[in-house]
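A look at the structure
So you can see what is in the structure, the chains are spelled out below.
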2 protein chains.
Amino acid sequence: MTTAQRPTLEAVARRAGVSRATVSRVVNGSTTVAEPIRAAVHQAVAELGYVPNLAARSLVTQRTDSIALIMPEAATRVFSDDQVFPGIIRGVSQELEAADKQLVLMLAGSPAGRDRVERYTTGRHVDGVLFASLHGADPLPARLARLGIPVVSSGRGLGDSPVPYVDVDHVGGVTRAVRYLIENGRRRIATIAGPQDMVAGIERLTGYRDTVAAAGLPELVAYGDFTRESGAAAMRTLLTEHPDLDAVFAASDLMAHAALRTLREAGRRVPADVAVIGFDDIETAAYTEPPLTTVRQPILELGRAGTRQVLRIAAGETVEPALILPTELVLRASA
Amino acid sequence: MTTAQRPTLEAVARRAGVSRATVSRVVNGSTTVAEPIRAAVHQAVAELGYVPNLAARSLVTQRTDSIALIMPEAATRVFSDDQVFPGIIRGVSQELEAADKQLVLMLAGSPAGRDRVERYTTGRHVDGVLFASLHGADPLPARLARLGIPVVSSGRGLGDSPVPYVDVDHVGGVTRAVRYLIENGRRRIATIAGPQDMVAGIERLTGYRDTVAAAGLPELVAYGDFTRESGAAAMRTLLTEHPDLDAVFAASDLMAHAALRTLREAGRRVPADVAVIGFDDIETAAYTEPPLTTVRQPILELGRAGTRQVLRIAAGETVEPALILPTELVLRASA
DNA sequence: TTGTATGCGTTATCAG
DNA sequence: CTGATAACGCATACAA
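Summarised in this report is the structure supplied together with it. What you are looking at is a predicted structure, and each value in this text was computed from that prediction instead of being measured. (Residues numbered from 1 in each chain as written. Chains lettered and ligands numbered in written order. Predicted model: local features only at pLDDT ≥ 70, side-chain atom pairs only at ≥ 80, totals over all residues. Heavy atoms only, no water.)

Some details on the sheet that holds strand E8 (residues 247-250) of chain A
Residues and elements named next belong to chain A. The strand order across the open sheet formed by six strands is E7-E6-E8-E9-E10-E12, and the pairing between neighbours is mixed. Edge positions in the sheet fall to strand E7 (220-223) and strand E12 (328-330), since each has one partner strand and no second. Each neighbouring strand pair of the sheet contributes to a mean axis angle of 20°, computed without reference to strand direction. Alignment of strand E6 (residues 189-193) against E8, held across four bridges, turns out to be parallel. Bridging from a neighbouring strand, Ile 189 pairs with Ala 247 of E8. Against the sheet, helix H9 (residues 170-183) makes contact with E6, E8, strand E9 (275-280), strand E10 (293-296) and E12, and its axis sits at roughly 170° relative to E9, the strand it touches most. (Pairing = 2+ DSSP bridges. Helix = DSSP H or I, 4+ residues; strand = E, 2+ residues; numbered from the N terminus. Axes fitted to C-alpha atoms, helices over the stretch in contact; angles between N-to-C directions. Contact = heavy atoms within 4.5 Å.)

Quick look at the packing of aromatic side chains
In total, this model carries zero aromatic pairs over all chains according to the counting rule given. Over the ring of Tyr 287 of chain A we find Arg 228 of chain B, and its NZ or CZ is 4.5 Å from the ring centre. (Phe/Tyr/Trp six-rings, centres within 6.5 Å; stacked < 30°, edge-to-face > 60°. Lys NZ or Arg CZ within 6 Å of the ring centre and 35° of its normal.)

A closer look at the relation of the copies chain A and chain B
Note on the copies: chain A fits chain B at an RMSD of 0.1 Å, the axial shift is 0.0 Å, and the rotation between them is 180°. Both copies of the chain, as the preceding transformation shows, are related through a two-fold rotation axis. The fraction of interface residues of chain A whose copies in chain B are also interface residues reaches 100%, indicating that both copies meet through the same surface. (Least-squares fit on C-alpha atoms with pLDDT ≥ 70 in both.)

As for the interface of chain A and chain B
Tallying the contact residues gives 59 residues for chain A and 60 residues for chain B. Across the interface of chain A and chain B, roughly 5700 Å² is buried in total on both sides, 54% from carbon and sulfur atoms. On the surface where chain A and chain B come into contact, there are five salt bridges. One salt bridge connects Arg 264 of chain A with Glu 289 of chain B, and the closest N-O pair in it is separated by 3.2 Å. (Buried area = accessible area lost by both parts, 1.4 Å probe. Salt bridge = Lys/Arg side-chain N within 4 Å of Asp/Glu carboxyl O.)

Some points on the nonpolar core
In this structure, Leu 69 of chain A together with Leu 69 of chain B are the most contacted members of the largest nonpolar core, which totals 50 residues. Every residue in contact with Leu 69 of chain A, bar those within four places of it in the chain, is listed here: Ile 89, Val 92, Leu 103, Val 104, Leu 105, Met 106, Leu 130 and Ala 132 of chain A. (Core = buried A, V, L, I, M, F, W, Y, C linked by side-chain atoms within 4.5 Å. Buried < 20%, exposed > 50% of the residue type's maximum accessible area, 1.4 Å probe, protein only.)

Observations regarding the protein's contact with DNA strand D
By nearness alone, 26 residues border DNA strand D, and Leu 9, Tyr 50 and Arg 57 of chain A together with Thr 22 and Arg 25 of chain B come closest of all. Atoms of DNA strand D within 4 Å of the protein: sugar and phosphate make up 61%, bases the balance. Within the side chain of Arg 57 of chain A, one N or O atom sits 2.6 Å away from a phosphate oxygen of DNA strand D. Arg 25 of chain B places a side-chain nitrogen or oxygen 2.6 Å from a base oxygen of DNA strand D. Those elements that provide at least two residues to the surface near DNA strand D are helix H2 (20-27) and helix H4 (54-61) of chain A together with helix H2 (20-27) and helix H4 (54-61) of chain B. Grouping the amino acids of the surface near DNA strand D by side-chain chemistry returns 13 nonpolar, eight polar and five charged. (Near = heavy atom within 4 Å. Polar contact = N/O pair within 3.5 Å; in protein donor to acceptor, adjacent residues only side chain to side chain. Nonpolar A, V, L, I, M, F, W, Y, C, P; charged D, E, K, R; others polar.)

Some remarks on helix H6 (residues 84-98) of chain B
Residues and elements named next belong to chain B. In a regular helix each residue adds 1.5 Å, so 15 residues correspond to 21 Å; H6 covers 22 Å between its end C-alpha atoms and thus fits that length. Where burial is concerned, most of H6 is hidden: twelve out of the 15 residues are buried. Among the residues of H6, those classed as buried are Val 84, Phe 85, Pro 86, Gly 87, Ile 88, Ile 89, Arg 90, Gly 91, Val 92, Ser 93, Glu 95 and Leu 96. (Expected span 1.5 Å × (residues − 1).)

Some words on the sheet that holds strand E10 (residues 293-296) of chain B
Residues and elements named next belong to chain B. Read from one edge to the other, the open sheet built from six strands follows the order E7-E6-E8-E9-E10-E12, with strand pairing classed as mixed. Taken across any chain shown, the strands that pair with only one partner, and hence form the sheet edges, are strand E7 (220-223) and strand E12 (328-330). Strand-to-strand, the axes of this sheet are offset by a mean angle of 20°, without reference to chain direction. Sheet analysis places strand E6 (residues 189-193) next to E7, joined by four bridges and oriented parallel. Bridging across to E7, Ala 190 finds its partner in Leu 220.

Written as structure tokens, this is what we have:
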């Protein structure tokens, strides 16, 4: 069933009494076609319900008008209640819509997924590739770039790769947050760090370390992986090891949210006893109890900027090897 | 730059000293190839870094090995902090990964976006289409189906369309929730209804209406659009119009979350003064203050089931016109 | 301005 | 089991 034989250029040409080439010109908006002929072709197209076969077109034009967004991350992780990935997707989507390109979303958590991604992109099914949420020193971006595929990374990867990237100012944001805590008299400032195989995790920890060290304060560190569960566990650890802490900087809002609850369960008042600052400024941050003071990163813009870079490379332009977007401390009630 | 001329079947064939046909057989895993030749071809493929051109393959096979997920919804809406869309994407993604197909995500909020979607899908760039979050009586699914494109809707659309769908048991879930409130002595039960241009909004309201009516209780209704802001506004309206209400059923967890906060701001204790039940069971529900009692819908499974149906249709099988997944009342502290 | 002819890279049909 | 060869549907250089 299905597959009601679709009309081809040839069919339209016969119906309109012209050649295939002419139909092709009309369909692609060439201006060098006489008005009456153009009208006849348009009518034939409408009558037959002709739609160009994109595979055939790609074959000759060498373009697909679609861009891949690759997240080397299990789907589970990408779509937890973390707003970061959705935000990036949204930014990418906006920018592609403006450019009239299609978004091909590829989650590459498993090894099989990574294979698929590689086959698909190297198979020239997309005009460019945007990576997001790189772990460790992933060799895939550089490999694709070497094959001549336009590729950009949204959020820097580990190691030095020749792939252009867009990222936010992690260190700057964290520094402002920790300084704010210090200025408000906090002296036992702990941190719930993010995963240390990601630049975001590493740099946010660096920002914390440098700032407390500069103030002559001790380092109180526990590790999480940006999720709520890991944040709760890390907060419990911190409370056990450093019961006298008076502030916590969490490397993600989800971990901060969990810390808030864990602190309350432990009988600590926020911010009276312990001040809490997060990182991200996801929507939920305004609805926690108390509302969360946090470092806002321009997630949407991260996706948009990355996409613009890919499109520019695909168009043959050259782009800046790095683009850093600003972060900002958003004051609410938790610190 | 870029475009380092990619090797073709032809090149591999020359290098291996065989014909194109043979290379094609090896690449596609045909068993009718002598072992030494197969080895030679594999080596040539590896040496040249050959990757099949997917457009060319599609052109002849009439398949693309990719499925489109269409959300007729502005990106802003899809990726707010609502967990529903991400959950569906995740389910679809899992199922497609298992089937070794690619996911093409299409947000079609704007009219231009809808055009793109139509061109792209009718252009045979995908083997099938899954719709999610239909508004009103969207004619697009039926139109695509008429063109012979395998299409399924995840979440039913309004009006009677011949398109197969997968949905959850909205009415059943809401009925259980409202009955639970009644059994616990609540008598002034209000609802914050969802958008009435969506089946999910309509049916959840219906479930509420039927259940309170059957118990001889009054209908106290305010409307929202599933978002937090709309939930807060609706809650304020309800408090003004029915200050004596003792329970609220909100048609989404986000609206329930906002209701929780609005009630607290109004000096009402939850659940002592007012019981609150939501719908969805997003992750945040377990972290609200107090933790939210809610109707869980199997979001992930909604995506997975829909995807399986599309794949089956694309494989030439016929599928059930409707598939209804169960919902479940999850008791926490808010009711 | 329009038509003709060719090629894009594969797969599939047929002989051999 | 392998190799020619013909589609697949379109865009474009070139000719008219």
